[in-house]
Structures are given as C-alpha cells and as structure tokens.
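Observations on chain architecture
Okay, here's what each chain looks like letter by letter:
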Amino acid sequence: MKVLSKKFKLFIAITLAVLVVGMSLLGFLNFNQAVDYKNGYEVRVSVEHKAGNAFEVIESATEEYLASKGIKAAEYATQKINEGKVVIYKFENDVKINEDDLEKFVQAKLDAQPEIKEITATAEYSEVKGYANFETGWMLLGLGVGVLVAFIYALIMEKLSGAVATLGVSIISALVYTALMAITRIPAYPAIGSTICLAAAIGAVLAIYTASKCKAEFKKTAAAKPDVFAIAEKVMKKELKNYIIFAIAVVLAALCVCVFFNAYMAIVGAQIVLAGLSALAVSYFGAPLVWALIKGCKKSKKA
C-alpha cells in the first residue's frame, strides 16, 4: 500500500495542478479561438513542407492577393498552424475568392525564388459553420445522458464501487482535457465540444473495464479479506501494457486523421490525442483509486 499511496498522491497532486492552472487560464484567456466559432468563410494556404522562407512567401503573397481584391487586413483574422505550414484567413462575409487564381498567384511567388521554387502551394476557400448555442446545448445534453447511461450500466454490472469510479473518471477526464486545451493553447475550433464528449466517453469505457478487473481480482481472494488498495495496485500493473497499447492506438488514429485529410485536420488530430491521453491517464490511476476507496468504505461499514 505504501507504493500505491505514493502513486495516487502524485496523481491527485498533478490532476489538481492541471485543473487549477487550466481553469484559471480558461477564465482569463478562454480557449484559443484565433479561428473562432462564428459562421463565416476562410482561406487556407499551405505548403507541403517547410523550406527556407517558403511560409513567409505564401503569407505575404496571400495578403498581397487579398489587397489586390480590395480586402483590407482589418477585415480578416489570421492563424498559423501545423508547425508553420498552413496560414488561415477568416472572414465574416463571403469575399468570393477564386482559390485557383489565388493558388496560381502564390505559386508564382514561390517559383520566382530559386531556393524554394520546388515547393508546391495549395489554396482552399470554403464556408465555415460554427457552433450555434443550441448545438453546444445538444452536445452537453448528449454528454450528460451518456455519462448517466454509463453510470447505470456500471452500477448494475460492477456494483457501487465500479459505478462511482465510472462517473468520477468520466467527469474528471472531460475536465482535465478542457484544462489542458486551455494550457496547451491548441485551437479549440472545430471540435472542442465533440472531443470533450470523446474524453468523457473514453474515460467511462476504460473505467468500466478497469473496475471489472478490480472486481474479478477481488473475488479471487475474497475469502482471505484482501487489501483493496493492494488489489488496485495489482490491476494497475497487469493492465499497464493494455493502456500503453491504447495510447499508441489513439496516436495512430490521430495521425491517420492528419495524413488522409487536409492540413486543417491537424487541429482535430491534436485534439483527439489530447482527449484520448487525458482519459487514459485519469482512468489508469483514477479508476482503481476510486474503486478501492468505495470498496474500502463498504468493507469498513460491514466490519
């Protein structure tokens, strides 16, 4: 129990620190919304890889093109993503940009410089639908219903200790992910609501799984009146490999999102990784801890 206690104390300390810092930043700075939640239009200009001053060239060329169309800098917001390979220009109204003309204009600027003339530029112009209040509300309602269903399922299948672990891990996973989004300043658009739900869902599923392992381990040695914290620690050691595999799967899934879609999806990929790893860490340490605490309380009352 001594080793377990240190692990859990460290987990609680780190979790509290992340929540305090993250929620404070969220209160003062909000999410990173350089590309915000409003409906509008956007231009995305990108290069396939960084080389020389290619990014500076596409940025200045795009702004020169916009100026030639009578669009002033005050009419748009900008954001740079994907390690400086993509620049986004956000407009409230349809400025009717011809993306083919823009792409040719930017490419000509790149070709004019011998050291970067092999770099290929891509331009996209599209309408963006932001989150309306009712959409966010439905997301939160869905999250609440999902957590409730997971709690009831765990209560039936894993009893009270498993149900409380599921509820706690699900909520804390969502909160930790939200705090980390504020700390890391990963852009919140376009999938912050969906990935908060994802963090809660992954946390709930992993908590149910881990609680079931604790319950099974407890049943094996119930006659000997085992230490529930020793059981929790044993389950953590046994399941470490599975959690590592899950972490790799999350990262690979996010990489697929980034590779097989446009560069814009790099934001979504980063959000998926952060949501998955947040839920993984919270469930790995939190589910056995809460299970042991509730199970230990129940044993004390019976005694």
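Residues numbered from 1 in each chain as written. Predicted model: local features only at pLDDT ≥ 70, side-chain atom pairs only at ≥ 80, totals over all residues. Heavy atoms only, no water.

**Quick notes on a nonpolar patch on the surface**
Residues Leu240, Ile244, Ile248, Val251, Leu252, Leu255 and Leu277 make up a contiguous nonpolar surface patch of about 570 Å² in total accessible area. At six residues, the largest contribution of residues to the nonpolar patch is made by helix 6 (residues 228-260). Looking at the secondary structure, you find leucine 277 in helix 7 (residues 265-302). What makes leucine 277 partly exposed here is its relative accessible area of 34%. (Patch = residues over 30% accessible without salt bridge, like charges linked within 9 Å, V, L, I, M, F, W, Y side chains within 5 Å. Areas by Shrake-Rupley, 256 points an atom, 1.4 Å probe, with all protein chains shown as cover. Salt bridge = Lys/Arg side-chain N within 4 Å of Asp/Glu carboxyl O. Helix = DSSP H or I, 4+ residues; strand = E, 2+ residues; numbered from the N terminus. Buried < 20%, exposed > 50% of the residue type's maximum accessible area, 1.4 Å probe, protein only.)

**Some details on the confidence of the model for the protein**
In this model, the protein carries a mean pLDDT of 81, and residues with pLDDT of at least 70 account for 82%. Mean pLDDT values for the elements of the protein range from 72 in strand 2 (residues 76-81) up to 90 in helix 5 (residues 192-220). (pLDDT = per-residue confidence, 0-100.)

**Side note on the packing of aromatic side chains**
Applying the stated rule across the entire model yields six aromatic pairs. With a centroid separation of 6.1 Å and 15° between ring planes, the pair formed by tyrosine 41 and tyrosine 125 is classed as stacked. Placement of tyrosine 41 in strand 1 (residues 40-47) and of tyrosine 125 in strand 4 (residues 121-128) is noted, with a sequence separation of 84 residues between them. For tyrosine 41, a relative accessible area of 19% gives the class buried. With 6.2 Å between their ring centres and 70° between their planes, phenylalanine 218 and tryptophan 291 make a pair best called edge-to-face. Remark: tryptophan 291 occurs in helix 7 and phenylalanine 218 occurs in helix 5; sequence separation between them is 73 residues. In this pair, the class of phenylalanine 218 matches that of tryptophan 291, namely buried. (Phe/Tyr/Trp six-rings, centres within 6.5 Å; stacked < 30°, edge-to-face > 60°.)

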